[in-house]
Amino acid sequence: MKQNLSLFSSVSRALIATFLCCPLLLAESDGKKNVLIFFIDDLRPELGCYGVDKIQSPAIDALASEGVLFERAYCQQALCAPSRISMMTGQYPDHNGIDGLFTPLRRHDKEAMTLPRYFQEQGYFTASYGKVYHHQIDDKEHWSDLPDISREKFANPETLARIAERVAEAKKSEKTVDEVRAAGKGPAIEVVEGPDELYRDGKVAKAAIESLRKNKEKPFFMCVGFAKPHLPFAAPKRYWDLYEREQFMVPERILPEGAPSLGVTKWNELRGYHGIPAEGPLSDELTLELRHGYAASVSFADAQVGKVMSELDRLGLREETLVILWGDHGYKLGEYGLWCKHTNFEVDTRVPLIVSAPGGKRGKRSQALVEIVDLFPTVVEMTGGTVPAGRDGMSLAPVLEDPKRKFRPFAFMQYPRGSQMGYALRNERWRYIEWIKFDTQEVVARALYDHQETQFPDKNLAADSEYSELVAELSKQLDAARRVKESRLNPANK
């Protein structure tokens, strides 16, 4: 399939020229350099280092002080499986052909070039701990170490017993697979006294630390995935105790005026948990409890990052290791009256991204528009390699050298809805979205949001005559008809 990178071809050549003389290259030193990447699920860019003082995130804040923090980084799709596959392949969902939860990469494309495959072929020890891919089996043959760490979401014995009873009853009653899965959901929150290792993320941090100790003499490519702050908001009590319920506010629950129905969700992900109403808005009390739980879960994940980084320092590996932390997508916490992700809104697609390179800039911030597909070429080039053909991303090395540098004219993202695909671009000020049919390439809905003053605009301006020229210009840049026509996701191309 022909891929459209023509818009960026001249930019790419300039970046490559700059890169060739970029002093940030880790390969300038003798020996292979290590790579450590933290994957954080459902993490909003609302941390201390992003200027949100109420969130306690000292470990991530410390990492930001040792590298470059990207203020305007965007995922390719606000859903964990395709977002992570886009990162690992350096390709848009249109290009790699995956936009849903239920298709493992290797079942879809056995020959896909991914970061673990690339580094394995370079002779690295490759390791995956926790939630890295959505599907644990993905790239199994390309990981040197892929332990099956418990994925249990709860720690309270009473909660676990009730879930087991419901699941047993559902199976006995010959319920469908989906109904049995729903029975096993459990509550949306949990508070338990005890050590971090009661929960999966504590076990993941422990496994990563043990691996660092065992494999410190080898060049390694290590991915460490923390599931929090994904639902359920379950964390040891001490992380809940970092916050007072009064710190949190109930957000405005009004959708932007004129927002297309295709652009919103019924947030069934949250509704599937016990204690959450099947329809209608949440009460103020429950909203505040969930927001409190989310913050506690963020601090819990942050603590696990801190443990791994402390061990990296203790082992004397920090100056030999490129460290990256990113969130797979954003998350709604009641804004617009919605929850979770699954849209092309700003809050769903803007993500935290920190890159800390040995010898690189420290404590800097970048306003450059970047995409998560840019991580593949960044990691490869900064470790002295050659980027495989067919990547959609561009190396961030020039921005890491000069954080004030411009990068992309806009960031691109997408989200499917049945027979339509929603394509979005985000430039310095505007977010423009088109919903377009796969078969006819007809645009069935548009949205234009002004983000000059707010992350949560209150009106879709696409139909206002005042903005008709702007809409036409942004539509041309987005080039949605060509994208959907050539997409591997289009049924006509399968």
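**Brief notes about the sheet that holds strand 2 (residues 68-74)**
Within the open sheet, the 7 strands sit side by side as 3-5-1-7-10-2-11. Their pairing is mixed. Unpaired on one side and paired on the other, strand 3 (125-130) and strand 11 (364-371) mark the two borders of the sheet. Looking at each pair of strands side by side, their axes are set apart by 15° on average, direction ignored. One ladder, built from 6 bridges, connects strand 2 with strand 11; its direction is parallel. Within strand 11, the position partnered with Arg-72 by the bridge is Leu-369. Each of strand 1 (34-40), strand 5 (220-226) and strand 7 (321-327) is contacted by helix 3 (residues 80-89), which is oriented at about 165° to strand 1, the strand it contacts most.

**Brief notes about unusual backbone geometry**
For the bond running from Lys-228 to Pro-229, omega is 15°, close enough to zero to count as cis. Considering the arrangement of structural elements, one finds Pro-229 in the loop between strand 5 and strand 6 (233-236). The linkage connecting Leu-231 with the following residue, Pro-232, adopts the cis geometry, with an omega of -5°. Assignment of secondary structure puts Pro-232 in the loop between strand 5 and strand 6. In this structure, His-342 takes a positive phi of about 70° despite not being glycine. In this structure, His-342 sits in the loop between strand 9 (339-340) and helix 13 (346-349).

**Looking at the side chain of Asp-94**
Tracing the sequence through the fold places Asp-94 in helix 4 (residues 93-96). Buried Asp-94, no salt bridge; nearest opposite-charge side chain is Arg-483, N-O distance 5.5 Å. Here Tyr-423 takes part through its side chain, which lies 2.8 Å from a polar atom of the side chain of Asp-94. Polar contacts involving the side chain of Asp-94 include one to the side chain of Ser-487, which spans 2.5 Å.

**A few points about the packing of aromatic side chains**
Enumeration according to the criterion identifies 18 aromatic pairs in this entry. Judged by centre distance (5.7 Å) and plane angle (80°), the ring pair of Phe-233 and Tyr-294 falls under edge-to-face. Of this pair, Phe-233 sits in strand 6 while Tyr-294 sits in helix 12 (residues 284-314), and the two are 61 residues apart along the sequence. Exposure class is identical for Phe-233 and Tyr-294. Each is buried. Cation over ring: Arg-483 sits above Phe-412, and NZ or CZ is 3.8 Å from the ring centre.

**Let's talk about the packing of helix 2 (residues 58-65) against helix 12**
Following both chains from N to C, one finds helix 2 and helix 12 inclined at 55°, their axes separated by 7 Å at the closest point. Relative to helix 12, helix 2 is oriented oblique. For the pair helix 2 and helix 12, the contacting residues are Pro-58, Ala-59, Ile-60 and Leu-63 in the first and Asp-302, Val-305, Gly-306 and Met-309 in the second.

**As for the sheet that holds strand 14 (residues 430-437)**
The strand order across the open sheet built from 4 strands is 12-13-14-15, with neighbouring strands paired in antiparallel fashion. Single-partner strands in this sheet number two, and they are strand 12 (411-417) and strand 15 (443-450). When strand polarity is set aside, the average angle formed by the axes of neighbouring strands in this sheet is 15°. Sheet topology places strand 13 (residues 420-426) next to strand 14; 7 bridges connect them, and they run antiparallel. Opposite Leu-425, over in strand 14, you have Tyr-432 as the bridge partner. Each of strand 12, strand 13, strand 14 and strand 15 touches helix 16 (residues 468-478); the most contacted strand, strand 14, lies at about 65° to it.

Reading the values: the criteria
- Residues numbered from 1 in each chain as written.
- Predicted model: local features only at pLDDT ≥ 70, side-chain atom pairs only at ≥ 80, totals over all residues.
- Heavy atoms only, no water.
- Pairing = 2+ DSSP bridges.
- Helix = DSSP H or I, 4+ residues; strand = E, 2+ residues; numbered from the N terminus.
- Axes fitted to C-alpha atoms, helices over the stretch in contact; angles between N-to-C directions.
- Contact = heavy atoms within 4.5 Å.
- Buried < 20%, exposed > 50% of the residue type's maximum accessible area, 1.4 Å probe, protein only.
- Lys, Arg positive; Asp, Glu negative; His and termini not counted.
- Salt bridge = Lys/Arg side-chain N within 4 Å of Asp/Glu carboxyl O.
- Polar contact = N/O pair within 3.5 Å; in protein donor to acceptor, adjacent residues only side chain to side chain.
- Phe/Tyr/Trp six-rings, centres within 6.5 Å; stacked < 30°, edge-to-face > 60°.
- Lys NZ or Arg CZ within 6 Å of the ring centre and 35° of its normal.
- Parallel < 35°, antiparallel > 145°, perpendicular 65-115°, else oblique.

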